[in-house]
Structure formats: C-alpha cells, structure tokens
Amino acid sequence: MQKTAKPKKTARAADSVEKVYDAVKELAVEYRFKPGERVNEVELATRLSVSRTPVREALNRLARDGFMSFVPNRGFYARDITPEGVQELYELRAAIERAAFRLACQRGTDAEIAETIAIWQNNSNLGPTTDWAKVAEADEAFHIAIVMLSKNGRMLNALEGVNSLIRFFRRIDLESNRRRGGTYDEHAAIIECLRRRDGDAGGELIERHITLSSAHAVEVTKEGLARIFFGRPD
C-alpha cells in the first residue's frame, strides 16, 4: 500500500520558515543589522533557536526584497544607506500613491472613504506629548488605506514593499521640524480632495507631500546613521 503524505509536518515547516522570515525582516527594517554588516547566519540561527535552513531561506527572501545583498562565497550583507537611495524610495512611493489616489476617487465608496479618513483623524492627536512612533503608524495606515481604495492589488503590494524599506526613515522624517506641522496641514488638504473625489488635485498634493528634496534626504540619512551607530538622542 502506498504511504500517504504528511501535510501537517510540511505545514509546520512552512509556518516555521515564515516566522523566522518575519523575525529577521523586523531586524532588517529597524536596521538591527548595521549598513554593510555581514550577517552571521550561525549566530542568527542560535538567537532565534532554529536551524540554519530557515534562516538561509529568510535571508534569500530579504535579498529579493531589497533588505540584503548576497555576495557569492562570502554571504549576506545588510543594505547600505545613501541619501540617493532614500530619495529614490520616496519618489517610487510618491508615484504609486499619486496614481492610486486618482483610482481611489473613482472606485472608493462613500463609506470606504469615510473609514479611510477616520484612520488618520482618530489616531493622530497632536500635543505636547505626541508619540511620533504612533503618528508614523497612523500615517502609514492612512496612506495604505487610500491605496486600498484604488482596488488595485498590485499597487498595494508594491507600496507595502516600499513602506517596509522606508519605515525606519519615515519616523525620522515625521519627527523633523520641517514635517511636524506640515504633515497635519497636508493631510487635511488631501482629505478634502478625497471627500470631493478630486483625483487630479489630490494626486498632485500627495506626490508633493511624500517626495523628499535632496537636502532633506541628506538630513534624514544623517540622522538615521547617527541613530544606528550611536543610538537615539535623549
């Protein structure tokens, strides 16, 4: 009699790989691996209490996602940081969101638009004790919700990939004096365009809202490197 397969074991293995991937990705998102640092697979496997196999699979995926680079016969290295690289990611995000905003105005229902607006308005109180990490989370959720209104899954997947790559810098950007007051005013204008379903004006606003100037990209990169190597200032 032919033996039957054991899907439960395969499912558990796949689940283990996914958990390792999520754990290593979080380390990469937050730059727990310093830029250009060689990733020690043995140490990482020991740290996560797993074998090297799921770690290697996770690192290969992260290399495809842009968090790592692989050098044959040498191993995996954490992504570098340059102002040009940061600016390019923000330009890509701006292009996706501008196109998605126009579709959102055409395809989103009134109820969906109201729910999207509430994501920002209900989670972004500004005051003397503002938690900018929470504001960054609300900001990302608001922008993701706008793209979801476009009903375009490929745009959404592309944006989620970019967001993972810039999340570390996004918080720094929002905390900067240049952004603190402007973000709220710009979101108010974007929300008004969304309510009016003005895709052209709103798309232009959202692109301007997102895109970093070369000078500001340099500032954000310098602050990011300082936090990675020296810690966050008190």
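Each value, and the rule that gives it
- Residues numbered from 1 in each chain as written.
- Predicted model: local features only at pLDDT ≥ 70, side-chain atom pairs only at ≥ 80, totals over all residues.
- Heavy atoms only, no water.
- Axes fitted to C-alpha atoms, helices over the stretch in contact; angles between N-to-C directions.
- Helix = DSSP H or I, 4+ residues; strand = E, 2+ residues; numbered from the N terminus.
- Parallel < 35°, antiparallel > 145°, perpendicular 65-115°, else oblique.
- Contact = heavy atoms within 4.5 Å.
- Nonpolar A, V, L, I, M, F, W, Y, C, P; charged D, E, K, R; others polar.
- Core = buried A, V, L, I, M, F, W, Y, C linked by side-chain atoms within 4.5 Å.
- Buried < 20%, exposed > 50% of the residue type's maximum accessible area, 1.4 Å probe, protein only.
- Expected span 1.5 Å × (residues − 1).
- Bend = angle between axes of the 7 residues up to and from the residue.
- Polar contact = N/O pair within 3.5 Å; in protein donor to acceptor, adjacent residues only side chain to side chain.
- Disulfide = S-S within 2.5 Å.
- Domains from an automatic or database assignment.
- Salt bridge = Lys/Arg side-chain N within 4 Å of Asp/Glu carboxyl O.

A.B. asks: When you look at the packing of helix H5 (residues 110-121) against helix H8 (residues 177-196) in this model, what are you seeing that I'm missing?
C.D. replies: A pair of packed helices is characterised by two quantities: the angle between their axes and the separation of those axes. Running from amino to carboxyl end, H5 crosses H8 at an angle of 170 degrees, the nearest separation of the two axes being 11 Å. Classed by the angle they form, the pair H5 and H8 counts as roughly antiparallel. Counting all contacts with H5, which are made through Ile 113, Thr 116, Ile 117, Trp 120 and Gln 121, the residues of H8 involved are Thr 183, Tyr 184, His 187, Ile 191, Leu 194 and Arg 195. Residue composition of the contact of H5 with H8, grouped by class: six nonpolar, four polar and one charged.

A.B. asks: Can you walk me through the nonpolar core in this structure?
C.D. replies: Nonpolar side chains in soluble globular proteins tend to be buried together. Judged by nonpolar contacts, the single largest core of 43 residues is most densely connected at Tyr 90, Phe 101, Trp 120, Ile 146, Phe 169 and Leu 194. Listed by contribution, the elements that provide at least two residues to this core are helix H4 (83-107), H5, helix H6 (132-149), helix H7 (153-175), H8, helix H9 (199-210) and helix H10 (214-230). In contact with Phe 101, not counting residues within four places along its chain, are Ile 146, Ile 190, Cys 193, Leu 194, Asp 198, Gly 199, Gly 202, Gly 203 and Ile 206. In terms of nonpolar packing, the next biggest core, distinct from the first, is built from 19 residues, Val 29, Phe 33, Leu 62 and Met 68 among them.

A.B. asks: Help me understand H7 in this model?
C.D. replies: Residue pairs three or four apart in sequence face the same way in an α-helix, which turns once every 3.6 residues. Look at H7: 30 Å from first C-alpha to last across 23 residues, which is about the 33 Å you get at 1.5 Å a residue. Of all the bends in H7, the largest measures some 60 degrees and sits at Ile 166. Two to three positions downstream of the cap, the backbone nitrogen of Arg 154 sits 3.1 Å from a side-chain oxygen, assigning the N-cap of H7 to Asn 152.

A.B. asks: I tried to follow the state of the cysteines on my own but got confused; where do I start?
C.D. replies: Note: disulfide means a covalent bond formed between the sulfur atoms of two cysteine side chains. Inspection of the entire model under this criterion finds zero disulfides. Its sulfur unpaired, Cys 105 is 7.6 Å from the next cysteine sulfur, which belongs to Cys 193.

A.B. asks: How do you make sense of H6 when you look at a structure like this?
C.D. replies: The end-to-end C-alpha separation of H6 is 26 Å, in line with the 26 Å expected for 18 residues at 1.5 Å each. H6 sits mainly inside the fold: 13 of its 18 residues count as buried. Capping the start of H6, Asp 131 holds a side-chain oxygen 3.0 Å from the backbone nitrogen of Ala 133, two or three residues further along.

A.B. asks: Can you help me understand the domain arrangement of the chain in this one?
C.D. replies: A common way to express how large an interface is: the accessible area buried when the components associate. Split into domains, the chain comes out as domain 1 (16-78) and domain 2 (83-229). A separation of 28 Å is found between the C-alpha centroids of domain 1 and domain 2. Taken together, the contact pairs nine residues of domain 1 with nine residues of domain 2. Remark: the boundary between domain 1 and domain 2 carries one salt bridge. Here Glu 30 and Arg 171 are joined by a salt bridge, their closest N and O atoms 2.6 Å apart. Taken together, the links from domain 1 to domain 2 amount to two residue pairs in polar contact (both at pLDDT 80 or more). Grouping the amino acids of the side of domain 1 that touches domain 2 by side-chain chemistry returns four nonpolar, one polar and four charged.

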